Amino acid sequence: MPIKDGKYKNPNWVNGGPPAIDADELNAISDTLENLDKNPGTNYISGNGISIAGTTISAKISSDNDNVATFGKDGGIYVPNQGGGAGVSANKKAAVVVGSSQNGWTAQDCDYLCDGTSDDVEINKAIVAAKNIGYVCLLPGTYNLGGSVSVNNDVTIYGGGAFGAPYSFDGVRSATVIKDTRQWMGAAGSISSASISCGNNRTAFLNLTLDSSSVKRVGVVTRGNTAFSYCSIKANCHCVYSTGTSLTLNSCCIGELSTSSVSGQYGVYMMASGTYPTLEINGGAVGNIGSVYANGSDASFALQVMISNCVLSGAGGGESDISGAVALIKSSGASITGCNISGYSSIAHPTPTVYLDSTTENCIISGNVISGYSQVSDNGTNNNTQYNLLVQL
């Protein structure tokens, strides 16, 4: 920009001076000055769907004049209420926020405030309210369940860390804890009374701890496409039970081995359904009486199992016909690589740590450290179980 003596100088001006200004231009300048007077010390720009007033930027995100996202000076993203439930006011951040008074949060901090008793009520309301927003933030703290959390719409539920960040690396793996405090009634491991129940939808969980270990309940039941990242799930029944089409666990800690653990229960139990179902576990640790049960017999196509770079452990007592198997695979094309897989079978119960049943073919179980009295039992066709380090206990 050409500057001379501290002033703007357009090189196209004639004789070094600006062109004459007509009445319309003077009116435009007057309007701009009037806007500045209304917002002292701020700038005001408007046009092409974007407006800037002071430290707030608004952007039109559709042809609907009311559908505007606002980016505040705090870095938060705000959206108008688009049909959410009660408690979600206009221009809230682009997540429905839940907090608990037991952890110091107030009504000014969140859309739904829990009190430490039957917190599932507020959490369920928040999930419904997030139908058109897509995110539920559970502020750091402990949330006590008096009933199941039901997830029946596409949503990401995250906790811990600063607001606006799905997870943080501040020394606390998960600062948000969901604790099932209900008394156990009925059959152990019943999926009808899981701590969290997900319908046939897309659900993601980030940076959360679920503790169902004091009650003989399944931790999470999923029926759709579900992903967990940086989560910890403790239960003495199945920790994650899936009948859906996609289950992904990334850097999670799943399972708890204790004297109250129920026989026949797994860290991850998947009875896949639908077309092209997948089970993917990358990093972290999975354990329980058994670690992973993968069965694709009810799916339209073979369940694709991909497990890598994690720890699988079991204490014995899995399926009745092969009691003690840590990884029980009943689907072709499974891949388990780069894992530490440990079982606790014995002479009295010489069951394998990894069991491939007769329906499997073209599986790859390679590059793992596998320990137990009996390490691998391959009953399928064309499976590759070479290049493992086998340790007999």
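To be clear, the structure that these remarks concern was listed above.
Reading guide: rules and limits
- Note on numbering: residues in each chain are counted from 1, in written sequence order.
- Given that this is a predicted model, residues contribute local features only at a pLDDT of at least 70 and side-chain atom pairs are listed and counted only at 80 or more, while totals for whole chains, interfaces and linings are drawn from all residues.
- Side-chain calculation: all heavy atoms of the structure are included, whereas hydrogens and water are not.
- Runs of H or I in DSSP of at least four residues are treated as helices and runs of E of at least two as strands, each being numbered from the N terminus.
- Only protein chains enter the accessibility calculation, which uses a 1.4 Å probe; a residue whose area is less than 20% of its type maximum is buried, one above 50% is exposed, and one in between is partly exposed.
- Should any heavy atoms of two residues lie within 4.5 Å, those residues are counted as being in contact.
- Here the open area of atoms and residues is found with the Shrake-Rupley method and a 1.4 Å probe, where only the protein chains shown may cover a residue.
- To form a nonpolar core, buried Ala, Val, Leu, Ile, Met, Phe, Trp, Tyr and Cys residues must be joined to one another through side-chain atoms within 4.5 Å.
- For this document, the term salt bridge refers to a Lys or Arg side-chain nitrogen within 4 Å of an Asp or Glu carboxyl oxygen.
- For two strands to be treated as a pair, DSSP must find no fewer than two bridges joining them.
- Polar contact is the term for a pair of N or O atoms within 3.5 Å; when the atoms are in protein, one must be able to donate a hydrogen and the other to accept it, and sequence-neighboring residues count only if both atoms are side-chain atoms.
- Only C-alpha atoms enter the line fits that serve as axes; for helices the fit covers just the stretch in contact. Angles between N-to-C directions range over 0 to 180 degrees.

> Please clarify how the overall build of the chain should be interpreted in this entry.
Counting secondary structure elements, the chain contains two helices and 36 strands. Across the 393 residues of the chain, 46% fall into the buried class. Taking contacts inside the chain between residues at least 6 apart in sequence as the whole, the part at least 24 apart equals 55%. When the accessible area of the chain is evaluated, it comes to approximately 18,600 Å², of which 51% is carbon and sulfur surface.

> Sorry if this is basic, but what is going on with the nonpolar core here?
The nonpolar side chains of a soluble globular protein tend to be buried, and buried together. By size, the foremost hydrophobic cluster in this structure holds 67 residues, and its most contacted members are Val136, Phe228 and Leu279. Sequence-distant contacts of Val136, that is, excluding residues within four places in its chain, are made with Val96, Val98, Ala126, Ile127, Ala130, Val155, Thr156, Ile157 and Tyr158.

> What is the right way to look at the pattern of salt bridges in this model?
Side-chain pairs of opposite charge can arise where the charged atoms are in close proximity. Following the criterion strictly, the structure yields three salt bridges and no others. Here Arg182 ties to Asp180 by a salt bridge, and the two come within 2.8 Å at their closest N and O atoms. For the residue pair Arg182 and Asp180, the accessibility class agrees, reading buried in each case. Note that Lys234 is salt-bridged to Asp211, the shortest N-O span being 3.8 Å. Of the two residues, Lys234 sits in strand 21 (residues 232-235) while Asp211 sits in strand 18 (residues 209-212), which places them 23 residues apart along the sequence. According to the relative accessible area criterion, Lys234 is partly exposed, its value standing at 28%. Through salt bridges with shared partners, a single network forms among Lys179, Asp211 and Lys234.

> Where do I start with unusual backbone geometry in this structure?
Of all residues except glycine, most have a negative phi; of all peptide bonds, most are trans. Within the chain, Asn362 stands out as a residue other than glycine whose phi angle is a positive 60 degrees. Judged by its relative accessible area of 47%, Asn362 is partly exposed. Of note, Tyr387 is a non-glycine position whose phi angle comes to about 60 degrees, a positive value. With respect to the element layout, Tyr387 can be found in the loop between strand 35 (374-378) and strand 36 (389-392).

> How should I be thinking about the pairing of strand 9 (residues 96-100) in this particular structure?
Of all five residues that make up strand 9, five are buried, and the element is covered over most of its length. By the alternation rule, side chains of strand 9 split into Val96, Val98 and Ser100 and Val97 and Gly99, which are all buried. Direction of pairing for strand 9 relative to strand 11 (residues 135-138): parallel, over a ladder of three bridges. Paired with Val96 across the two strands is Val136, which belongs to strand 11. Across three bridges, strand 9 lies against strand 10 (residues 112-114) in parallel orientation. Considered in strand 10, the bridge of Gly99 is made with Leu113.

> What should I look at first to understand the side chain of His238 in this one?
Inspection of the secondary structure assignment puts His238 in the loop between strand 21 and strand 22 (240-242). His238 sits in the buried class, given a relative accessible area of 6%. A distance of 2.9 Å separates the side chain of His238 from the backbone nitrogen of Tyr266, its partner in a polar contact.

> Help me understand the environment of Asn368 in this model?
With respect to the secondary-structure elements, Asn368 resides in the loop between strand 33 (364-366) and strand 34 (369-372). Given a relative accessible area of 2%, Asn368 falls into the buried group. In the structure, Asn368 is positioned 30 residues away from Gly338 in sequence and 4.9 Å away in space, judged by C-alpha atoms. Beyond its immediate sequence surroundings of up to four residues, Asn368 is in contact with Ile336, Thr337, Gly338, Cys339, Ile341, Tyr387, Asn388 and Leu389. A polar contact of 2.9 Å, which involves the side chain of Asn368, links it to the backbone oxygen of Ile336.

> How do you make sense of the sheet that holds strand 24 (residues 266-271) when you look at a structure like this?
Note: strands within a sheet are paired through backbone hydrogen bonds, in either parallel or antiparallel orientation. Pairing is parallel across the open sheet formed by nine strands, whose spatial order is 13-16-19-22-24-26-29-32-35. Two strands close off the open sheet at either side, each with one partner strand: strand 13 (149-151) and strand 35. The sheet shows a mean angle of 10 degrees between the axes of neighbouring strands, direction not considered. As defined by bridge partners, strand 32 (residues 352-356) adjoins strand 35 across four bridges and the pair is classed as parallel. Its bridge partner lying in strand 35, Leu356 is registered against Asp378.

> I tried to follow the side chain of Ser342 on my own but got confused; where do I start?
Looking at the element boundaries, Ser342 is found in strand 31 (residues 340-342). A relative accessible area of 16% means that Ser342 is categorised as buried. In this structure, Ser342 is in contact with Leu312, Ser313, Gly314, Val326, Thr353 and Ser371, ignoring residues within four places of it in sequence.

Shape descriptors only; they carry no functional weight alone.
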